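If you want the building blocks of each chain, they are given just below.
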Amino acid sequence: MIKILLATCLGLLSLTLSAADGCGQGSALTSVCGLTAPEDIELAGDSQSLLVGEMILGGRLLALKIDSVTDEPRELYPALSVEGAADWGSDDCNVYPNQMTFHGIDLSVRENGQWQLLVVNHGLRESVEFFQVVTDELGTPESLVWRGCVLAPDDESLNDVAALPGGGFLSTTPFVGSELWSIAKALVGFNTGYVRQWEQTSGWRRVPNTEGRYPNGVIAAPDGSQFHVNMYIDGLVKTFALDGTELGSAAVLNGDNLSWGQDGKIRIASHRAGMLEMVQALEASPETNLQIPFAIVEYEPANGEVKDIFVHDGSEFGAATVAQQVGSKLVMGSFKGTRIAVVEVDE
């Protein structure tokens with residue numbers, strides 16, 4: 001049965017894709033091109049700059065201003081990145097990464113006031129990388145200093161990362177081993193992954209009770225007391241305490257990354273397509289502009305309410321993986337393609 005499902009995923013559905021066929025103002029949104037697979041986006045400390053990671057080997061970390069997103073992005077990695085003391089990560093991971101594949105990223109402030117960027121890296125190693133973000137007095141990113149890394153346990157593949165107070169972090173392991181085989185198992189009801197916690201003094205541990213079918217994006221409360229994780233194939237966003245106690249859940253179809261809004265609510269990118277389409281999208285080249293419908297969902301953890309705040313058919317920009325909302329602007333990335341998208345929404 002699983003083999004039949006896997007074969008179907010690989011070959012029977014024709015995915016709607018588009019070439020890099022122009023960029024600019026569409027009927028619903030503005031596309032900003034010149035990137036490759038801009039999978040995750042973080043809002044910088046000046047509340048005006050965006051940090052964008054490219055999910056391709058040799059990918060860049062770019063900074064651009066919200067109010068001038070059509071301007072040339074500033075390349076922070078590798079152009080403005082230098083090696084520093086490898087003192088934020090683990091002792092067995094102390095070599096500066098000359099090539100990276102950016103997946104989930106998370107920006108936070110360490111207890112000493114320094115800006116920290118965590119990066120899930122699929123480049124020449126499977127790891128979480130620590131960068132210090134050097135900023136001006138307004139919090140605008142100017143350069144990066146690499147401060148160490150943590151190797152993924154065994155043959156696990158990581159997806160997203162969320163900083164915790166004290167220098168630790170949470171990460172999601174959506175699968176172990178083959179991704180396509182794990183998706184096939186998930187489709188017939190098997191859990192494939194879980195959430196992990198890492199601390200410098202104690203290393204890795206699995207957070208109890210967090211098993212699910214393809215855990216994807218994760219985000220922590222500012223005080224680190226709880227976290228929220230998208231169980232992609234389960235169609236749920238779940239809230240846990242750090243000890244693994246489940247505190248709540250809500251239905252979100254194919255939830256990818258999460259981001260905090262300035263209103264204290266969470267924005268979730270939700271793919272509105274079947275798993276067969278999404279599996280074929282995984283196999284597409286990084287430069288392929290997907291035409292997969294999606295929605296951006298507003299989630300209020302306090303009461304579990306969810307609602308769509310933006311829905312798109314994918315014709316101009318598809319398969320959004322993240323949305324950062326600042327004022328009336330919603331900025332979205334995708335795990336494939338050459339563009340990010342910006343749309344005006346109600347504040």
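Throughout what follows, the structure given in this document is the object of discussion. This is a predicted model, so every value here is computed, not measured.

1. Here's the deal with the pattern of salt bridges
Right, on to step 1. If you walk through the whole model with that rule in mind, you get 15 salt bridges.
Right, on to step 2. Between D46 and K65 there is a salt bridge; the shortest N-O distance is 3.2 Å. Here K65 lies in strand β5 (residues 61-65) and D46 lies in the loop between β3 (38-43) and β4 (49-54), a separation of 19 residues in the sequence.
Right, on to step 3. For K238, the salt bridge identified is with E246, shortest N-O distance 3.8 Å.
Right, on to step 4. Using a relative accessible area of 16% as the deciding quantity, one classes K238 as buried.
Right, on to step 5. Taking relative accessible area as the criterion, E246 reaches 35% and is therefore assigned partly exposed.
Right, on to step 6. Salt bridges linked by common partners bring D263, K265, R267, E298, E300 and K307 together as one network.

2. Notes on the sheet that holds β4
Right, on to step 1. Pairing is antiparallel across the open sheet formed by four strands, whose spatial order is β3-β4-β5-β6. Here the strands that pair on one side only, and so sit at the sheet edges, are β3 and β6 (74-77). Ignoring which end each strand starts from, the neighbouring axes of this sheet average 30 degrees apart.
Right, on to step 2. Of the strand pairs in this sheet, β4 and β5 are connected by five bridges, and their pairing is antiparallel. Its bridge partner lying in β5, V52 is registered against L62.

Cut-off values and rules
- All residue numbers refer to positions counted from 1 along the written sequence of the respective chain.
- Where totals are concerned, whole chains, interfaces and linings use all residues; where local detail is concerned, this predicted model gives features only for residues with pLDDT of at least 70, and gives and counts side-chain atom pairs only at 80 or more.
- With hydrogens and water set aside, each side-chain value is computed from the structure's full complement of heavy atoms.
- Salt bridges are counted wherever a side-chain nitrogen of Lys or Arg sits within 4 Å of a carboxyl oxygen of Asp or Glu.
- Helix and strand definitions follow DSSP, with helices as H or I runs of at least four residues and strands as E runs of at least two, each counted in order from the N terminus.
- For every residue, the accessible area obtained with a 1.4 Å probe (protein chains only) is divided by the maximum for its type, and the residue is called buried under 20%, exposed over 50%, and partly exposed between those limits.
- Being paired, for any two strands, means DSSP has found at least two bridges between them.
- Orientation is described by lines fitted to C-alpha atoms, with helices fitted over the stretch in contact, and by angles between N-to-C directions that extend from 0 to 180 degrees.

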